[in-house]
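Listed below are the residues making up each chain.
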Amino acid sequence: MDETVAEFIKRTILKIPLNELTTILKAWDFLSENQLQTVNFRQRKESVVQHLIHLCEEKRASLNDAALLDIICEDVDLFDMKQFKNSFKKILQRALKNVTVSFRETEENAVWIRIAWGTQYTKPNQYKPTYVVYYSQTPYAFKSSSTLRRNTPLLGQALTIASKHHQIVKMDLRSRYLDSLKAIVFKQYNQTFETHNSTTPLQERSLGLDINMDSRIIHENIVEKERVQRITQETFGDYPQPQLEFAQYKLETKFKSDLNGSILAEREEPLRCLIKFSSPHLLEALKSLAPAGIADAPLSPLLTCIPNKRKNYFKIRDK
């Protein structure tokens, strides 16, 4: 394939939002279904593009093929960032009048939004802005915790209308680290974060065993450590975890007892308590519990489900 054609295809693909890429490639009908299945569309866009260019080179794409892809892109209703900005800003200004909205576009089809809130009678407070990161053509936006509660519904309405989505998804997921939030929400953390090389068999790693210890005990320790290592790897994977600082569980349960006449048993209101796990890197801390001998393997699903459930706020009630 000619270098000019390869560059043309590369630039065309880079213009396409990642979540629309599969649809457009199928409409192009140049690469087969089997070829598209070899592409991991959850990895970074640069890696996806390189893989697609390689497939196009194998099929010796021509300038006509590249032109057809460009035409299909023009026919598809792609996200208009300028229209999104204008619509979002107008909605807030009509509702509040005194509000300052600023935008900054970044890579990966994301736009950072800074909002300084005012009211009908007061000027925008520039010292307490809200920051929002919106990823185009997705129902997801990430906002800072500084948003005034009374302005949250208006912010959601503006995002929903401007993005042309039926709703913006509200998730019980919080962290100071945007990359980790994004990786969990878009389920990219097994590709986004650099993987560790753990090909060394457990027997070759230092187990910290006394050389004078009974060989049967050494064997049992090795077998148990292998079991724990296997379960931990199956549960968390073999890559660094997204960075969250806490997980919070609100429990509501009725008191259960076989004894009649108990004060708690007669209580109609459920018993409530709040449990919070905190750590500078909670998921990595949870991942290390069983190998360190602090907890049994496997851990409770309530602790290991955080990335898959995409939440670190839980409410647990009686069924």
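Before reading on, note that the structure itself is shown above.
Every chain's residues receive numbers from 1 upward, in the order its sequence appears when written. Only residues with pLDDT of at least 70 get local features here, since the model is predicted, and only at 80 or more are side-chain atom pairs given and counted; chain-wide, interface and lining totals rely on the full set of residues. Note that the side-chain values use all heavy atoms of the structure and ignore hydrogens as well as water.

Draft legend 1. Looking closely at the packing of helix H1 (residues 3-15) against helix H4 (residues 45-58). Look at H1 against H4: their axes get within 10 Å of each other, and the N-to-C directions meet at 140°. Relative to H4, the element H1 lies oblique. Here the hand of the crossing between H1 and H4 comes out right-handed. Taken together, the residues of H4 that come into contact with H1 (itself represented by Ala-6, Ile-9, Lys-10, Ile-13, Leu-14 and Lys-15) are Lys-45, Val-49, Leu-52, Ile-53 and Cys-56. Residues are sorted three ways: Asp, Glu, Lys and Arg are charged, Ala, Val, Leu, Ile, Met, Phe, Trp, Tyr, Cys and Pro are nonpolar, and all the rest, Gly among them, are polar. For the contact of H1 with H4, the per-class residue count stands at 8 nonpolar, no polar and 3 charged. Axis angles are defined between N-to-C directions and span 0 to 180 degrees, where every axis is a line fitted to C-alpha atoms and, for a helix, only to the segment in contact. Secondary structure elements follow DSSP: runs of H or I no shorter than four residues count as helices, runs of E no shorter than two count as strands, and numbering proceeds from the N terminus. Working definition: roughly parallel below 35 degrees, roughly antiparallel above 145 degrees, roughly perpendicular at 65 to 115 degrees, and oblique for all remaining angles. By definition, turning the near helix anticlockwise from the far helix through less than a right angle yields a left-handed crossing, and turning it clockwise yields a right-handed one. Should any heavy atoms of two residues lie within 4.5 Å, those residues are considered in contact.

Draft legend 2. How the structure looks around the environment of Asp-172. Topologically, Asp-172 is positioned in the loop between helix H7 (152-163) and helix H8 (178-185). In this structure the C-alpha to C-alpha distance between Asp-172 and Tyr-313, which are 141 residues apart in sequence, comes to 5.3 Å. If sequence neighbours within four positions are ignored, Asp-172 has contacts with Arg-310, Lys-311, Asn-312 and Tyr-313.

Draft legend 3. Local environment of the side chain of Gln-241. Tracing the sequence through the fold places Gln-241 in the loop between helix H10 (215-236) and strand E5 (246-253). For Gln-241, the side chain forms a polar contact with the main-chain oxygen of Phe-236, separated by 2.9 Å. Not counting residues up to four positions away in its chain, the partners in contact with Gln-241 are Phe-236, His-281, Leu-283, Glu-284 and Lys-287. Here a polar contact means two N or O atoms within 3.5 Å. Within protein one must be a hydrogen donor candidate and the other an acceptor candidate, and residues neighboring in sequence count only if both atoms are side-chain atoms.

Draft legend 4. Inspection of helix H2 (residues 18-28) at higher detail. Accessibility here uses a 1.4 Å probe with only protein chains present; expressed as a share of the type maximum, an area under 20% marks a residue as buried, one over 50% as exposed, and anything in between as partly exposed. Within H2, burial applies to Leu-21, Ile-24, Leu-25 and Trp-28. When H2 is viewed along its axis, its buried side chains cluster within an angular range of 100° and face the same direction. Positive backbone phi, at 60°, marks Asp-29, one or two positions downstream of H2. Directions are taken from the helix axis to each C-beta atom, and the arc is the one they span.

Draft legend 5. Spotlight on the sheet that holds strand E7 (residues 313-317). One open sheet holds the 3 strands; their spatial order is E6-E5-E7, and the pairing between them is mixed. Edge positions in the open sheet fall to strand E6 (271-278) and E7, since each of these has one partner strand only. Taken pair by pair, the neighbouring strands of this sheet meet at an average axis angle of 15°, ignoring direction. Two elements, E5 and E6, share 8 bridges in a ladder whose sense is antiparallel. Two strands pair under a simple rule: DSSP has to find at least two bridges between them.

Draft legend 6. Representation of the packing of aromatic side chains within the structure. When two rings of Phe, Tyr or Trp (its six-membered ring) have centres within 6.5 Å they constitute a pair, described as stacked for plane angles under 30 degrees, edge-to-face for angles over 60, and tilted for the intermediate range. Considering all chains together, one arrives at 10 aromatic pairs under this definition. Seen in terms of ring centroids, Phe-84 and Phe-88 are 6.0 Å apart; in terms of plane orientation they differ by 25°. Their pairing is stacked. Separated by 4 residues within a single helix, Phe-84 and Phe-88 lie in helix H6 (residues 81-96), roughly one turn from each other. Residues Phe-84 and Phe-88 agree in their burial class; the two are buried. The interplanar angle of 15° and the centroid separation of 5.0 Å between the aromatic rings of Phe-84 and Tyr-134 together place this pair among those described as stacked. One end of the pair, Phe-84, is in helix H6; the other, Tyr-134, is in strand E3 (residues 130-135), with 50 residues separating them in the sequence. Each member of the pair, Phe-84 as well as Tyr-134, is classed as buried. Three or more aromatic residues joined by ring pairs make a cluster, and in this case those are Phe-84, Phe-88, Phe-103 and Tyr-134.

Draft legend 7. Representation of unusual backbone geometry in the model. Going from Ala-297 to Pro-298, the amide bond is cis rather than trans, its omega being 0°. Its location among the elements puts Pro-298 in the loop between helix H11 (282-289) and helix H12 (301-304). One non-glycine residue, Arg-310, lies in the positive phi region at around 55°. In this structure, Arg-310 sits in the loop between helix H13 (306-309) and E7.

Draft legend 8. Seen up close, the sheet that holds E3. The 4 strands are arranged E1-E2-E3-E4 in an open sheet whose pairing can be described as antiparallel. Looking along the sheet, the strands with just one partner apiece sit at the ends: strand E1 (99-106) and strand E4 (141-143). For this sheet, the mean angle separating the axes of adjacent strands, direction not counted, is 20°. Where strand E2 (residues 110-117) meets E3, 6 bridges bridge the pair, whose relative direction is antiparallel. The residue bridging Ile-113 from the neighbouring strand is Val-132, located in E3.

Draft legend 9. Molecular detail of the nonpolar core. We call a set of buried Ala, Val, Leu, Ile, Met, Phe, Trp, Tyr and Cys residues a nonpolar core when their side-chain atoms join them within 4.5 Å. Counting 25 residues, the largest nonpolar core has Ile-9, Leu-21, Trp-28 and Leu-52 as the members making the most contacts within it. Take this core: its biggest share by element is 6 residues, from H4.

Draft legend 10. The layout of surface pockets, seen in detail. Every definition here rests on a 1 Å grid over the protein atoms only: cavities are sets of points where a 1.4 Å probe fits but cannot get out, pockets are open sets enclosed by protein on both sides within 12 Å along at least five of seven lines, and lining residues have some atom within 4 Å of a point. Grid points are joined across faces, edges and corners, and a volume is the space filled by probe spheres set on the points. Taken as a whole, the largest pocket holds about 1,500 Å³ of empty space. Lining the largest pocket are 40 residues, and of these Lys-143, Lys-170, Met-171, Leu-173 and Arg-174 lie nearest its centre. Counting residues per element, the ones that place at least two in the lining of the largest pocket are E3, E4, H7, H8, E5 and E7. At 6 residues, H7 tops the list of elements feeding residues into the lining of the largest pocket. Here the lining of the largest pocket is composed, by residue class, of 22 nonpolar, 8 polar and 10 charged. If you trace the second largest pocket, you find 20 residues lining it, with Leu-18, Asn-19, Thr-138, Phe-186 and Gln-188 closest to the centre. Elements that contribute at least two residues to the lining of the second largest pocket include exactly H2 and H8. Broken down by class, the residue content of the lining of the second largest pocket amounts to 7 nonpolar, 7 polar and 6 charged.

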